[in-house]
Amino acid sequence: MTGGNNNEESEDFLYPSFIREQGNIYKPKNKVMDNDSMKEKDAFDVHTKEIDLVNRDRKHLNDDVVKVDFEDVIAEPDGTHSFDGIWKASFTTFTVTKYWCYRILTALVGIPLALIWGIYFAILSFIHIWVVVPCVKSYLIEIQCVRRVYSICIHTFCDPLFEAIGKVFSSVRISLSKEV
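Note that the structure is predicted; figures quoted are calculated from it, not measured.

Draft legend 1. Here's a closer look at the overall build of the protein chain. In terms of regular secondary structure, the protein chain is built from 3 helices and 0 strands. The helix and strand sequence of the protein chain, counted from the amino end, reads α-α-α. Every one of the 180 residues in the protein chain was classed for burial, and the buried ones make up 3%. If you take every contact in the protein chain between residues at least 6 apart in sequence, the share linking residues at least 24 apart comes to 13%.

Draft legend 2. Spatial organisation of helix α3 (residues 84–170). When the terminal C-alpha atoms of α3 are compared, their 87 Å separation across 87 residues is substantially less than the 129 Å that a helix rising 1.5 Å per residue should span. The largest bend in α3 comes to about 50°, at V109, with the proline P112 one to four residues further on.

Draft legend 3. Inspection of the packing of aromatic side chains at higher detail. Inspection of the entire model under this criterion finds 7 aromatic pairs. Here F70 and W87 contribute two aromatic rings whose centre-to-centre distance is 4.9 Å and whose plane-to-plane angle is 65°, an arrangement assigned as edge-to-face. Here W87 lies in helix α3 and F70 lies in helix α2 (residues 70–73), a separation of 17 residues in the sequence. The class for W87 is partly exposed, based on a relative accessible area of 28%. Three or more aromatic residues joined by ring pairs form one cluster here, namely F70, W87, F91 and F94. Geometry around W100 places R103 over its ring, the cationic atom sitting 5.6 Å from the centre.

Draft legend 4. Layout of the environment of K67. With respect to the helices and strands, K67 occurs in the loop between α1 (7–11) and α2. Judged by its relative accessible area of 59%, K67 falls in the exposed class. Leave out the neighbours within four places in its chain, and K67 touches N62 and D72.

Draft legend 5. Structural context of the UniProt feature "transmembrane region" (unreviewed entry) in the protein chain. Under the UniProt annotation, "transmembrane region" (unreviewed entry) lies at residues 104–131. With 100% helix and 0% strand, residues 104–131 has end C-alpha atoms that lie 39 Å from one another.

Draft legend 6. Representation of the environment of T106. The topology assignment puts T106 in helix α3. A polar contact is formed between the side chain of T106 and the backbone oxygen of Y102, at a distance of 2.6 Å.

Draft legend 7. Structural context of the confidence of the model for the protein chain. Taken as a whole, the protein chain shows an average pLDDT of 78; of its residues, 73% reach a score of 70 or greater. Looking at the elements of the protein chain, mean pLDDT is at its lowest for α1, recorded as 45, and at its highest for α3, recorded as 94. Of the regions scoring below 50 in pLDDT, residues 1–34 engages in 26 contacts with residues more than four places distant in sequence or in other chains.

Rules and cut-offs
Residues numbered from 1 in each chain as written. Predicted model: local features only at pLDDT ≥ 70, side-chain atom pairs only at ≥ 80, totals over all residues. Heavy atoms only, no water. Helix = DSSP H or I, 4+ residues; strand = E, 2+ residues; numbered from the N terminus. Buried < 20%, exposed > 50% of the residue type's maximum accessible area, 1.4 Å probe, protein only. Contact = heavy atoms within 4.5 Å. Expected span 1.5 Å × (residues − 1). Bend = angle between axes of the 7 residues up to and from the residue. Phe/Tyr/Trp six-rings, centres within 6.5 Å; stacked < 30°, edge-to-face > 60°. Lys NZ or Arg CZ within 6 Å of the ring centre and 35° of its normal. UniProt positions renumbered as here; feature names shortened; annotations may be inferred. Polar contact = N/O pair within 3.5 Å; in protein donor to acceptor, adjacent residues only side chain to side chain. pLDDT = per-residue confidence, 0-100.

Shown next, in the form of structure tokens:
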């Protein structure tokens, strides 16, 4: 939902927009969800997400890390070539071995690691949401008092001193002359 108030959006509100403009947390988009008007797409489970089985690295997290092909590891310079059949067999062996070892390791270790990483990021999110942000907000509220006292002290003691020093040096005139 954007910040603008359209007539189409205001008709869909169950509650007035001044109560909660972002939407009711129990009813997405503040729509009335009776059994007659509920469509299949409205009953979407938020924990399931359609994943792309073709492009599995949409955000390109591993572009510079794990792109290792046969040509990146084994290369024969000009003048030093093995038999063509050996080169093709080596390429196939490398590629198939890398492919199946990755799949087997993923099958054996992928699910437990996904569980561990899920727990880790859940704990990290919990700590950030329930500990770090409230502590930072509390600190910012408490430091405002210190900031005001510090500002008053600076303006009371330092400003007159610096003004006096400025007035002393304001009457100093420097002239440069070149003697021959």
